[in-house]
Amino acid sequence: MTARDCVTLRPEGPLKGEITAPSDKSISHRAIIFASIGKGISRIRNFLRASDPMSTLNAMSALGVEIIDNIDEIVVHGRGLYGLKEPEDIIDCGNSGTTMRLLTGLLSAQKFLSILTGDESLRQRPMKRVITPLTEMGATIYGRKDNSLAPVAIRGQQLRPIKYRSPVASAQVKSAILLAGLYIAGTTTVEEPSRSRDHTERILPTIGASIEVEKNRVSIRGPAELSRLDITIPGDFSSAAFFLVAATIVKDSEILIKNTLLNPTRTGLLNVMERMGVSFEILNTSEVSGEPVGDILCRFTSQLKATEIRPEEVPSMIDEFPIFSVLATQADGVSVIRGARELRVKESDRIGTMTSELRKLGAEIEELPDGMTIKGPVKLKGAVVESHGDHRVAMALSVAALVAEGETKIEGISSVEISFPGFYEKLRDLVS
Ligand code: S3P
């Protein structure tokens, strides 16, 4: 952390006006990867130029793909399924779990050696969840700590199809297996305990992959031949969520968040907010590049009700728990999160980090092995808090600061660049 890697915020507001959330991170990663292995020149509009998707872009360049940033669009000279080259060096995935896990799947089918590493956080995150099924498919993969942690070394092979029942609902695991499945003659199937985000299975069929979805099961029939991709990426609901909650809890706020992804595998927080009595409206719905999008109008809500998050709701709001926990501190009653053990292995242990940091602000919050309980409403009090290098923790604490008495200093805010460059500027625009 540098000397200036912090911000001091005071209660401010109301939030008023219109914003557009930054482009969707998950779709940005996938657009670059799929375009790279498609045939021909692909065009990606509204790509998220934040450090996570840039890790994917740089990785695909290192694999021999020509990618040109024309400001208004990213142009990818796709090399087809078999045109990637052995990278000359170790590929650095930065902080990005999506980059590392999806590429482990893709590289398992390439007949060359690749080594993937990442930052301190990523090198602690579980990789066995992709290494196990890919090894079962025939890939040779080595990792630290008994093949469970990065760096990972992948020697690609001719793979065989499997039917894999994943113990975790994870779009990263599902996508890694589907990427490998593109190269395999026959049907590769992944089943998950509940449905994770479905961007991979939405995009791949539009460029020629044969994919079948049945409840929580996705199958791919290969080998595929992918064509070029032409895609416009909508605003990221997970980024919009910080402003949705800010407008809900800061008195007299009313904001319009435009052009946001409304894919139901991502918007679990909206169902939860509805139960809590939050006042919001969905306007101008349409479909953009196969994804539902719309504007969200959100207002301050004075009487928020606590709620219980059911385990089956967890995947559709998996990235929203840091900001949900802030919302819950302002709701009447005890909010309970269960079945969310996955939060322990995100960019930080989000159960531990949100509990310890919100407590510093006076929240009544208890850790559970697979979730938390949060009692509200509580008048938060300013304090010095820490992001633990986690972008979503930094932004959630910044929103909490808007309703905390006095000054709150948030340390480690450079992590915000991972998904939301310009977050503080947008916040400032809305409160001024
Ligand atoms: C992502 C999937 C989720 C999510 C992450 C992005 C993706 O992870 O938390 O921020 O783009 O596939 P899991 O699939 O591991 O739950």
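You'll find the structure just up there.
Structure report, in brief. (Residues numbered from 1 in each chain as written. Predicted model: local features only at pLDDT ≥ 70, side-chain atom pairs only at ≥ 80, totals over all residues. Heavy atoms only, no water.)

### Notes on the sheet that holds strand β19 (residues 333–337)
Point 1. Read across the sheet, four strands follow the order β18-β19-β21-β20 without closing on themselves; strand pairing throughout is mixed. The strands lining the two open edges of the sheet, one partner per strand, are β18 (308–309) and β20 (364–368).
Point 2. Relative to β19, β18 is paired through two bridges, and the arrangement is parallel. Paired with glutamate 308 across the strands is valine 336, a residue of β19. (Pairing = 2+ DSSP bridges. Helix = DSSP H or I, 4+ residues; strand = E, 2+ residues; numbered from the N terminus.)

### Concerning the site of the ligand
Point 1. As a matter of local geometry, the ligand sits amid Lys25, Ser26, Arg30, Thr98, Ser170, Ala171, Gln172, Arg197, Ile318, Asp319 and Lys346.
Point 2. Between the ligand and alanine 171 there is a distance of 2.7 Å, counted from an oxygen atom to a backbone nitrogen or oxygen.
Point 3. In isolation the ligand offers 380 Å² of accessible surface; the protein chains occlude 96% of this area.
Point 4. Elements represented by at least two residues in the shell around the ligand include exactly α1 (25–36) and α6 (171–181).
Point 5. It is α1 that provides the largest number of residues to the shell around the ligand, a total of three residues. (Near = heavy atom within 4 Å. Polar contact = N/O pair within 3.5 Å; in protein donor to acceptor, adjacent residues only side chain to side chain. Areas by Shrake-Rupley, 256 points an atom, 1.4 Å probe, with all protein chains shown as cover.)

### Description of the packing of aromatic side chains
Point 1. Enumeration according to the criterion identifies seven aromatic pairs in this entry.
Point 2. A centroid spacing of 6.4 Å and a plane angle of 80° characterise the contact between phenylalanine 321 and phenylalanine 324, whose relative ring orientation is edge-to-face. Pair noted here: phenylalanine 321 and phenylalanine 324 are both in helix α10 (residues 321–328), with a separation of three residues, about one helical turn.
Point 3. Look at phenylalanine 324 and you get buried, because its relative accessible area is 0%.
Point 4. For the pair phenylalanine 423 and tyrosine 424, a centre-to-centre distance of 4.9 Å together with 80° between the ring planes defines the contact as edge-to-face.
Point 5. Taking relative accessible area as the criterion, phenylalanine 423 reaches 1% and is therefore assigned buried.
Point 6. Exposure remark for tyrosine 424: the relative accessible area of 10% places this residue in the buried category.
Point 7. Members of the aromatic cluster, connected to one another through ring pairs, are Phe242, Phe243, Phe420, Phe423 and Tyr424. (Phe/Tyr/Trp six-rings, centres within 6.5 Å; stacked < 30°, edge-to-face > 60°. Buried < 20%, exposed > 50% of the residue type's maximum accessible area, 1.4 Å probe, protein only.)

### Looking at the nonpolar core
Point 1. If you look at the biggest cluster of nonpolar residues, it comprises 75 residues, and the most contacted ones within it are Leu15, Phe243, Ile249, Phe324, Leu358 and Phe423.
Point 2. The element that contributes the greatest number of residues to this core is helix α8 (residues 237–249), accounting for 10 residues.
Point 3. The contact partners of isoleucine 249, leaving out residues within four places of it in the chain, are Phe300, Leu304, Val326, Leu327, Gln330, Val399 and Val403.
Point 4. Counting residues in each nonpolar core, the second largest holds 67 residues, with Ile27, Ile32, Leu84 and Ile231 among its members. (Core = buried A, V, L, I, M, F, W, Y, C linked by side-chain atoms within 4.5 Å. Contact = heavy atoms within 4.5 Å.)

The values are spatial; any link to function lies outside them.
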